[in-house]
Amino acid sequence: MSFRGSLQELPLPDILQLVAVSGKTGSFKFLDEGTVGKIFLADGRVVHAVVGDLEGEEAVYELAIWPRGDFEFTPGKPAPRRTIDRSSTSLMMEAARRIDEWKLLTSRIPSVDLVPLFVENGTNTAVTLDAREWAVVRKLDERRSIEEIAQALGQSAFETAKTVYGLISSGLVALNDQRRGLETSRLRQMTPAELREVARQALRQARSLLAGHSDTDSASLTFPEEGPDPGADALIAMIREAETAVSRTLGPHRATAFTESLGKLIEHTSAGTP
C-alpha cells in the first residue's frame, strides 16, 4: 500500500525511521517546486538515493534539508543499484553534522559557485599542505568554481568547500566574487525600473525558499521600491545576502540553483536593454 504526505508535516528523519521499523521495500519520490528526489529502500534500509546530479549519500543529505515538499511511497519498487551502505540513523546523524558545519563555512564561502584563486604574494609564513589541500590546489586555474573543482576531483561540493575554507584561513587563497551564472555587468546596464523588477522576483524566490525556517529572518532582505535610483550595486549586495541566507539554510546546491535562476532572470530582463 502506497502512502503520501508533506515534509512540512513529516520531515525526512521521521519518514526514514517509520519505514525502518516497518521493514518496507520500495521507493520514495520527493517533489519540491519542480525538483525531484528519490530514495530507495530494501527491508527498511536506505540503499540508493538520487536528486539532481547527486546520488548516494550526498543525495540523502540534500533531501534532509528540504523544509517542504510532497512525498509518495511506492512499495515493492526495487532500487536500480545500491549506492548506500550506512544505516538510516547514521545517515541522519551525518546530515545533521553537515548542516551545522555548512553554517560555519558560509561565513567565508557563501556559494560553491565562487572561484578560488591564489592570493598575490600569499602568506608570509610557511604552510604545510596535506594531500586533500594539494589535490584542490592543483585544480586552481582562476576559472573553475568550487563546485567544478569538486566534480573534477570526484568529491562532494561540501568536502571541497571545507578544504578551500582551510586554504582561505591560511592566507593562500581568496574567492573571486564574480559568480558563475550571475552576470553583474548586465545589471549595470539596466534602468531603475528593471533593477526593481529583478529585485522583486529575487526577493520572492529567496523568501519562498526560506519559508518555514524559524532561524532565518528573510524579512531582513529588502530593496527600495521607490525613491531615487537604487543602483546596481545595491541590488548585487541584496542578491549576495539572499544567496548567503539560502546557502546557510538549505545548503550549497540550493544556493547554486537560486543563483542560476537569477542569472536567467537577469538575461531575460536585460534582453531588450540597448
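Here, every reference points to the structure presented above.
Small disclaimer: the values here were computed from a predicted structure and weren't measured.

Draft legend 1. A look at the sheet that holds strand β3 (residues 35-42). One open sheet holds the 6 strands; their spatial order is β1-β6-β2-β3-β4-β5, and the pairing between them is antiparallel. The two strands at the open ends of the sheet, each matched to only one other strand, are β1 (3-6) and β5 (54-55).

Draft legend 2. The nonpolar core, seen in detail. In this structure, Leu187, Leu235 and Met238 are the most contacted members of the largest nonpolar core, which totals 26 residues. Listing elements by their share of this core, those giving two or more residues are α8 (192-210), α9 (232-250) and α10 (252-269). Among the elements that line this core, the one with the most residues is α9, at 9 residues. With sequence-adjacent residues up to four places away left out, leucine 235 is seen in contact with Leu187, Leu195, Val198, Ala199 and Phe223.

Draft legend 3. Representation of the pairing of strand β2 (residues 26-32). Taking burial as the measure, the 7 residues of β2 include 5 buried ones, the bulk of the element. With 7 bridges joining them, β2 and β3 adopt antiparallel strand pairing. By the bridge assignment for β3, glycine 26 is matched with leucine 41. Sheet analysis places β2 next to strand β6 (residues 70-75), joined by 6 bridges and oriented antiparallel. Residue pairing in the sheet places phenylalanine 28 in a bridge with phenylalanine 73 of β6.

Draft legend 4. View of the pattern of salt bridges. Scanning the entire structure with this criterion turns up 15 salt bridges. Across the salt bridge formed by arginine 86 and glutamate 57, the nearest N and O atoms sit 3.5 Å from each other. On the criterion of sequence distance, the pair formed by arginine 86 in the loop between β6 and α3 (88-105) and glutamate 57 in helix α2 (residues 57-64) is long-range, its members being 29 residues apart. On the accessibility criterion, glutamate 57 (24% relative accessible area) is partly exposed.

Draft legend 5. Up close: the pairing of strand β4 (residues 45-51). Burial runs high along β4: 5 of the 7 residues are buried. Summarising the sheet, β3 and β4 pair through 6 bridges and their orientation is antiparallel. Within β4, the residue paired with leucine 41 across the bridge is valine 46. Hairpin connection, β3 to β4: the antiparallel pair is bridged by 2 residues, and aspartate 43 has positive phi, about 55 degrees. The pairing of β4 with β5 spans 2 bridges and is classified as antiparallel. Bridge pairing links valine 50 to glutamate 55 in β5. The hairpin turn running from β4 into β5, its antiparallel successor, is 2 residues long, and glycine 52 in that turn takes a positive phi close to 60 degrees.

Draft legend 6. The packing of α3 against helix α6 (residues 157-169), seen in detail. Two elements in contact, α3 and α6, have axes whose closest approach is 11 Å; the angle formed by their N-to-C orientations is 40 degrees. Overall, the two elements α3 and α6 adopt an arrangement that is oblique. Judged by the twist between their axes, the crossing of α3 over α6 is left-handed. Of the residues in α6, those touching α3 at Arg97, Arg98, Glu101, Trp102, Leu104 and Leu105 are Phe158, Glu159, Ala161, Lys162 and Tyr165. The residue inventory of the contact of α3 with α6, partitioned by class, reads 6 nonpolar, no polar and 5 charged.

Draft legend 7. How the structure looks around the packing of aromatic side chains. On inspection of all chains with the given rule, the structure shows 7 aromatic pairs. When the centroid spacing of 6.3 Å and the interplanar angle of 45 degrees are considered together, the rings of phenylalanine 30 and phenylalanine 71 count as tilted. Of this pair, phenylalanine 30 sits in strand β2 while phenylalanine 71 sits in strand β6, and the two are 41 residues apart along the sequence. For the residue pair phenylalanine 30 and phenylalanine 71, the accessibility class agrees, reading buried in each case.

Draft legend 8. Quick peek at unusual backbone geometry. With a phi angle near 55 degrees, aspartate 43 is a residue other than glycine that sits in the positive phi range. The class of aspartate 43 is exposed, set by a relative accessible area of 61%. Phi is positive for glutamate 142, which is not a glycine, with a value near 65 degrees. Tracing the backbone shows glutamate 142 in the loop between α4 (131-137) and α5 (146-153).

Draft legend 9. Region of the structure containing the packing of α9 against α10. Two elements in contact, α9 and α10, have axes separated by 7 Å at closest approach and are oriented at 150 degrees. Judged by the inter-axis angle, α9 sits roughly antiparallel to α10. Here α9 and α10 pass one another in a crossing that is right-handed. Contacts between α9 and α10 pair Ile239, Ala242, Glu243, Val246, Ser247 and Leu250 from the former with Pro252, Arg254, Ala255, Phe258, Thr259 and Leu262 from the latter. Partitioning the contact of α9 with α10 into residue classes produces 8 nonpolar, 2 polar and 2 charged.

Here is what the cut-offs are and how they apply
- All residue numbers refer to positions counted from 1 along the written sequence of the respective chain.
- With the structure being a predicted model, the display of local features is reserved for residues of pLDDT at least 70 and the display and counting of side-chain atom pairs for 80 or more, all residues being used for whole-chain, interface and lining totals.
- To get the side-chain values, all heavy atoms of the structure are used, and hydrogens and water are removed first.
- At least two DSSP bridges between two strands are required for those strands to pair.
- The numbering of helices and of strands both runs from the N terminus, where a helix is a DSSP run of H or I of at least 4 residues and a strand a run of E of at least 2.
- Among buried residues, those of type Ala, Val, Leu, Ile, Met, Phe, Trp, Tyr and Cys that are joined through side-chain atoms within 4.5 Å constitute a nonpolar core.
- Burial classes follow relative accessibility: with a 1.4 Å probe on protein chains only, a residue under 20% of its type's maximum area counts as buried, one over 50% as exposed, and anything between as partly exposed.
- Residues count as neighbours in contact if any of their non-hydrogen atoms are within 4.5 Å of one another.
- Here a salt bridge means any side-chain nitrogen of Lys or Arg lying within 4 Å of a carboxyl oxygen belonging to Asp or Glu.
- Lines fitted to the C-alpha atoms define the axes, with helices restricted to the stretch that makes contact. Angles between their N-to-C directions range from 0 to 180 degrees.
- For classification, angles of less than 35 degrees are called roughly parallel, those exceeding 145 degrees roughly antiparallel, those between 65 and 115 degrees roughly perpendicular, and all remaining angles oblique.
- When the near helix sits turned anticlockwise from the far one by under a right angle, the crossing is termed left-handed; a clockwise turn instead gives a right-handed crossing.
- Gly is put with the polar residues, along with every residue not named as nonpolar or charged; the nonpolar set is Ala, Val, Leu, Ile, Met, Phe, Trp, Tyr, Cys and Pro, and the charged set is Asp, Glu, Lys and Arg.
- By convention, a stacked pair of Phe, Tyr or Trp rings (six-membered ring in the case of Trp) has centres within 6.5 Å and planes under 30 degrees apart, an edge-to-face pair has planes over 60 apart, and any other such pair is tilted.

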